[in-house]
Amino acid sequence: MKARARRSAATTLAAALTMMASGCINTDAAVFVEPSIAAPEATVSASALGTGLTASFALELHLSARASGPSRVAVRTFAITSADQKTSIVEPLPVETTAALPVEVAPDSDVTVAFTVDTGAQGGTFPADAAAALCAPEGIRITGAIEDSLEDGATPVASAVFHPVCP
């Protein structure tokens, strides 16, 4: 009788370990869209007319399989801030994208939307003193906010600190 109980316990334990090893348990907790900003790049130019800026970055949106359904994600705004995010340098950031917004993010998926900025193409510049702030030794960040249809309010997002190409 004891041998049968030991075999049964061993079989149960082996089955449990097999299920855990096969990846049956999804631990991704992103039940709301998790945004991130990837690959930020910028080039600053200075002229007698002011400060020019070309930039690009990707907005990455992730939603886990545990979400209650798909989400529609809209972009509220983007800005360029100081590295510590205490000072706004360019707000709002005049971004363009070829993707139709808002975008739908299905459960257990990732969506990437590419954005660009080109003040020269838009026929504008920023004040001349913006170049010093954009080219600060501490670096800058791209920040923003999205609206996730699965959640009330805005969700903030910020890039890692980066250094633009400066004159």
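Computed from a predicted structure; not experimentally measured. (Residues numbered from 1 in each chain as written. Predicted model: local features only at pLDDT ≥ 70, side-chain atom pairs only at ≥ 80, totals over all residues. Heavy atoms only, no water.)

Caption draft 1: Representation of the pairing of strand 3 (residues 71-82) within the structure. Across three bridges, the pairing between strand 3 and strand 5 (residues 103-105) is antiparallel. Within strand 5, the residue paired with V73 across the bridge is V103. In this structure, strand 3 lies alongside strand 7 (residues 140-148), joined through nine bridges in antiparallel fashion. Within the sheet, the bridge partner assigned to F78 lies in strand 7 and is G144. Sheet topology note: the strand 3/strand 4 (residues 88-90) ladder contains two bridges and is antiparallel. (Pairing = 2+ DSSP bridges. Helix = DSSP H or I, 4+ residues; strand = E, 2+ residues; numbered from the N terminus.)

Caption draft 2: Summary view of the side chain of T143. Here T143 shows up in strand 7. Residue class for T143 comes out buried when judged on its relative accessible area of 12%. (Buried < 20%, exposed > 50% of the residue type's maximum accessible area, 1.4 Å probe, protein only.)

Caption draft 3: Looking closely at the sheet that holds strand 6 (residues 109-118). Strand order in this open sheet of three strands is 1-2-6, and the pairing throughout is antiparallel. One side of each edge strand has no neighbouring strand; the edge strands of this open sheet are strand 1 (34-47) and strand 6. Shown here is a sheet whose adjacent strand axes are inclined to one another by a mean of 5°, direction ignored. (Axes fitted to C-alpha atoms, helices over the stretch in contact; angles between N-to-C directions.)

Caption draft 4: The arrangement of the confidence of the model for the chain in detail. On average, residues of the chain score 85 in pLDDT, and 81% of them are at 70 or above. Across the chain, element-level confidence peaks in strand 7 with a mean pLDDT of 97 and bottoms out in helix 1 (residues 2-21) with 46. Within the model, the stretch residues 1-19 combines pLDDT values under 50 with one contact to residues more than four positions away or in other chains. (pLDDT = per-residue confidence, 0-100. Contact = heavy atoms within 4.5 Å.)

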